Amino acid sequence: MVGLSVGEKHFIQGGIAQDLRSDGRKTLTYRPIYVETGVIPQAHGSARVRLGATDVIASVKAELGKPSALQPDKGNIAIYVDCSPTAAPMFEGRGGEELSTELSVALQRCLLGGKSGAGAGIDPTSLVVVEGKVCWDLYIDGLVISSDGNLLDALAAAIKAALSNTGIPKVDVAADATSDEQPEVNISDEEFLQFDTSGIPVIVTLTKVGRHYIVDATSEEESQMSSAVSISVNRKGHICGLTKRGGVGLDPSIILDMISVAKHVSEQLINKLDSEIAAAEASEEES
Amino acid sequence: MGGNLIAALGFRVSSSSSLPFFCFTGGVTPKSSLCRVADNKDKMRGLKLPLSQTQRVRLQRAFEKLQSLSAKANSDASVTVADAIPVNYEDAFLKGYGTTDLNGELVATVCGVVERVNKLVYVRALRARYKPEVGDVVVGRVVEVAQKRWRLEINFSQDAVLMLSSMNMPDGIQRRRTALDELNMRSIFEENDIVCAEVRNFQHDGSLQLQARSQKYGKLEKGQLLIIDPYLVRKSKQHFHHLEQFGIDLILGRNGYIWIGEHVEARDSMVIDQAKSIDQSTVVEGINRAYTPLEMRQNICRIANAIRVLTILGFNVDLNLIMETVELSSSLKIDIHDMLGSEFHVLVAEMEAERRSLTTKRKR
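Cut-offs and rules
- Residues numbered from 1 in each chain as written.
- Chains lettered and ligands numbered in written order.
- Predicted model: local features only at pLDDT ≥ 70, side-chain atom pairs only at ≥ 80, totals over all residues.
- Heavy atoms only, no water.
- UniProt positions renumbered as here; feature names shortened; annotations may be inferred.
- Helix = DSSP H or I, 4+ residues; strand = E, 2+ residues; numbered from the N terminus.
- Rg over C-alpha atoms; globule rule 2.2 N^0.38 Å.
- Buried < 20%, exposed > 50% of the residue type's maximum accessible area, 1.4 Å probe, protein only.
- Areas by Shrake-Rupley, 256 points an atom, 1.4 Å probe, with all protein chains shown as cover.
- Phe/Tyr/Trp six-rings, centres within 6.5 Å; stacked < 30°, edge-to-face > 60°.
- Lys NZ or Arg CZ within 6 Å of the ring centre and 35° of its normal.
- Expected span 1.5 Å × (residues − 1).
- Bend = angle between axes of the 7 residues up to and from the residue.
- Contact = heavy atoms within 4.5 Å.
- Domains from an automatic or database assignment.
- Core = buried A, V, L, I, M, F, W, Y, C linked by side-chain atoms within 4.5 Å.
- Patch = residues over 30% accessible without salt bridge, like charges linked within 9 Å, V, L, I, M, F, W, Y side chains within 5 Å.
- Salt bridge = Lys/Arg side-chain N within 4 Å of Asp/Glu carboxyl O.
- Buried area = accessible area lost by both parts, 1.4 Å probe.
- Polar contact = N/O pair within 3.5 Å; in protein donor to acceptor, adjacent residues only side chain to side chain.
- Nonpolar A, V, L, I, M, F, W, Y, C, P; charged D, E, K, R; others polar.

As named in an unreviewed UniProt entry, chain B is S1 motif domain-containing protein, taken from Gossypium darwinii. Entered under Sequence similarities (unreviewed entry) in the UniProt record, the comment concerning chain B runs "Belongs to the RRP4 family." Word for word, the UniProt comment on chain B under Subcellular location (unreviewed entry) is "Nucleus".

Under an unreviewed UniProt entry, the name given to chain A is Ribosomal RNA-processing protein 42, and the organism recorded is Gossypium darwinii. Looking at the Sequence similarities (unreviewed entry) heading of the UniProt record, one finds this comment for chain A: "Belongs to the RNase PH family."

**Let's talk about the overall build of chain A**
Counting its regular elements, chain A contains five helices and 12 strands. Taken over the C-alpha trace, chain A has a radius of gyration of 20 Å; the compact-globule value for 287 residues is 19 Å, and the two agree within 12%. Referenced to the eigenvectors of the C-alpha coordinate spread, the extents of chain A come out at roughly 75 × 45 × 40 Å. Across the 287 residues of chain A, 52% fall into the buried class.

**Some details on the overall build of chain B**
Looking only at helices and strands, chain B features eight helices and 16 strands. Classification of the 364 residues of chain B by burial places 49% in the buried group. Carbon together with sulfur atoms contributes 52% to the accessible area of chain B, which is approximately 18,300 Å² in total.

**Details of the packing of aromatic side chains**
Overall, the coordinates contain three aromatic pairs over all chains when judged by the stated rule. Ring geometry for B:W150 and B:F189: centres 5.1 Å apart, planes at 65 degrees, overall edge-to-face. Of this pair, B:W150 sits in strand 8 (residues 149-153) while B:F189 is found in the loop between helix 4 (185-188) and strand 10 (194-202), placing the two residues 39 residues apart along the sequence. With respect to burial, B:W150 and B:F189 carry one shared label: buried. Over the ring of A:F11 we find B:R297, and its NZ or CZ is 4.4 Å from the ring centre.

**Here we look at helix 5 (residues 252-286) of chain A**
All names here are of chain A. Compared with an ideal rise of 1.5 Å per residue, which puts 35 residues at 51 Å, helix 5 spans 50 Å between its outermost C-alpha atoms and is within 8% of the ideal. A maximum bend of about 30 degrees is found in helix 5 at S266. Turning to helix 5, its buried residues are M258, I259, V261, A262, V265, S266, L269, I270, L273, I277 and A280. Check the buried side of helix 5 and you find it contacts strand 1 (33-37), helix 3 (151-165), strand 9 (202-209), strand 10 (212-215), strand 11 (227-233) and strand 12 (239-245).

**Remarks on the domain arrangement of chain B**
Its domain assignment divides chain B into domain 1 (78-127), domain 2 (128-221) and domain 3 (222-262 + 294-363). The distance between the C-alpha centroids of domain 1 of chain B and domain 3 of chain B comes to 33 Å.

**Quick look at the nonpolar core**
In this structure, A:L107, A:L138 and A:L163 are the most contacted members of the largest nonpolar core, which totals 64 residues. At 11 residues, helix 3 of chain A tops the list of elements feeding residues into this core. If near-sequence neighbours (up to four positions away) are discounted, A:L107 is found in contact with A:I79, A:V81, A:L112, A:L152, A:L155, A:A156, A:I159 and A:I203. Counting 47 residues, the second largest nonpolar core, distinct from the first, contains B:L243, B:A306, B:L310 and B:L313.

**Some details on a nonpolar patch on the surface**
Residue and element names in this part refer to chain A. On the surface, L64, V173, V185 and I187 cluster together into a nonpolar patch covering about 260 Å² of accessible area. For V185, the location among the structural elements is in strand 8 (residues 185-194). Classification of V185 by relative accessible area gives partly exposed; the value is 31%.

**Observations regarding the environment of B:A125**
All names here are of chain B. With respect to the element layout, A125 can be found in strand 6 (residues 120-125). Spatially, the C-alpha atom of A125 lies 35 Å from that of S165, the residues being 40 residues apart in sequence. Excluding anything up to four places from it in sequence, A125 contacts V110, C111 and G112.

**A look at unusual backbone geometry**
Even without glycine at this site, A:N150 takes up a positive phi of about 60 degrees. Examined against the element boundaries, A:N150 turns out to sit in the loop between strand 6 (134-146) and helix 3. Look at A:N150 and you get buried, because its relative accessible area is 3%. In this structure, B:K333 takes a positive phi of about 55 degrees despite not being glycine. Considering the arrangement of structural elements, one finds B:K333 in the loop between helix 7 (319-331) and helix 8 (342-363).

**Remarks on the interface of chain B and chain A**
In this assembly, 32 residues from chain B lie in contact with 29 residues from chain A. The contact between chain B and chain A buries some 2,500 Å² in all, and 57% of this surface belongs to carbon and sulfur atoms. Taken together, the connections running from chain B to chain A amount to one salt bridge. With a shortest N-O distance of 2.9 Å, A:E8 and B:R141 are connected by a salt bridge. Counting across the chain B and chain A interface gives eight residue pairs in polar contact (both at pLDDT 80 or more). Mapped by element, the contributors of at least two residues to the side of chain B that touches chain A are strand 13 (223-227) and helix 6 (294-313) of chain B. Here the residues of the side of chain B that touches chain A sort into 13 nonpolar, 10 polar and nine charged.

Here it is as C-alpha cells:
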C-alpha cells in the first residue's frame, strides 16, 4: 500500500468530517456495485463483484459426501477466501494468509450460523440427499483479484450472487438400498435445483475515522481508520454476525449506534444487490 | 533509449488526436479498430461501465464521430499486436521499438500508435511507463531520504533523485550545503510527501535528476493526488493552473500524477514551511488545523471526478476539457458522485464530439 503524506491524510479526514469524500460520496454511500454471474463455467455457481476498484470472484462447487455423525440431516458448507498476489504485492507467497484467514472466519461466522447450524443464512438441511448417508458438500471459494478497501462487503455480495447462480444437480437415489450400504445415486445432468437466497445476509462494514463512520472505505481511507466494525444483516433486519477489527477501543454506545446505522444502510444495499444480481442473471441468460 | 534518441534529434512527432480506448461491457465488439483495447488491469481504466442499450449506441456514435474528425494522416496509425504496419517496403527504413519482422512483413508487437521519424518506424505503446523529457513538470512522492538527496517515485522505471543542492535553502541565500543542512533534510521533505519538481537531466545510468529551484515547485499539501496514465497528459505551455474562480491549484504532472488542492501563494516556501513543520510535529493530531472549507472541497472533488471521467473515456487531460466537463456537470446540476455514473460518461463523450466537430468546421 502506498503511503500518504500528512497533508493528504488531513484532507481525507476533513472530507469524512464534512460528509464529502474524495470521490464525492457521502459517508454512507456505497460505490457503484457491478455484478456478473456465471463467470466460471466449471463451477456450479460463480459470480464476480466489482465495488469501485475492489474486484472479487466467488465460486460454489458441490460434491457428494457424507454428513457428520452429529448432524445427519445437514449438509456441509465450507467457505474459504484466497487473496491473490495480483491484488497487492504483499500477498505474494504466504503474505496474504493472515488476511485470508481473517476474511474466511468472518464470512463463516456471518453466513453459516452457529455450531448446530441454527440461524444460518444458507439452510444446510436443503443439502441433504439421504439422511445420515449422502449429502452435498458445498465448497464456497472467494478470490480477491484487486483490493481497494472493503473486501468483506464485496466478498459477501459475491457469495450471495454466486449462490443465486448455483444449480445443484438433481440426485436420484436407488430405492432399494439397505441401511448399511452406501446407496447408489444417480446425478442428473439436466435438472438443477436453485437455492433460495433471500435469507442470505449482506455485510456492512463501518470504518471509524476520527469521530465519524464511513461505509465502503477505499484503501486510502482504511489506512486512516482507528477501528472497523463489520455487521452482517439479513433481509428481516436481524444481525447475523459482528466482527470488529482495529486496535482502538470503542465505547459500547458507539457500537450500538453503528449497528443501527448498519441496519439502515443494509436495506438499500440488499435491494440494490438483489436488483444487480437479477440483472446479471438476465444478461447471462441472453448471452 | 528510443525516446532519448527522438528528443536528441529534436523532432517532435505530431501525435494523433486523442484516441479513445475504453472497455465496453456485455461483449459488444466495437467496429472500429480504434476501439480495440489491450487487456487493461490498471485501477483507473479497468472500470467497466454498465451501459444500457441506448447509452451504448450513443457512446458508439460519439466515438465514431471523433474518429472521423481525427487527422486523416493518422487514421490508421493505431495498431494492436500482430497488426501489419503500413510501410513502403522499397524505401530503406529502420525498425524501432515495438516492431518485429514476421514472414518478411513488419508487424507490431505492442498495442499503440505508429510513429515515424525520418526513416525510423516504431510503435509507441500507450500503457507504458512515463517517458521523461528534460524540462517536464512532474509530481512525485518521496520514498526515501538519502544522503544529500531525496528519492521520489514518479511512475518511471527508476526512482527519480532530487538533490539537496537542487532545492532552495530556507533562508534563500545561495550557499554550500553544510552537514547541518543534511541533517535537517527531513524538515523540508519527509517520506510520503508529495513534491512537485522539474526534470533536470538524465544521469549516466539512466535515472532521472530533478530540480525544484523555483518558487512554484515544492511540497504539496491540502489536496488530493490523482494517478492516471501518463500518455493522457500532453506537453503544453502551462502545467500549473491556478483556477481563480475556485481558489484551487491544479498541477498536471507529465508522469500522470495530477495534484488538485487549495491554492497556495507562490511563496518563499522554505521559511514558512520550517515553522509549520515544527507546528506539525507538536500538533500531530491535526485538530487545530482547519479543514478545507466545504465549498472548495466540493470544487476539488468535482474537478477530480471530471478528470476520472476523462481518463475512463481516454481523452487527453488538459485544462480546457476539464473545465468544460466541470461546467457541464454543474449546468446539468449533476451530483458530484453521479459524475462517475454511466450517463455522465456518455454525455461527456457527446459533448467532446460536438466540440471537436465545431472546431474543425470553424477551421474550414
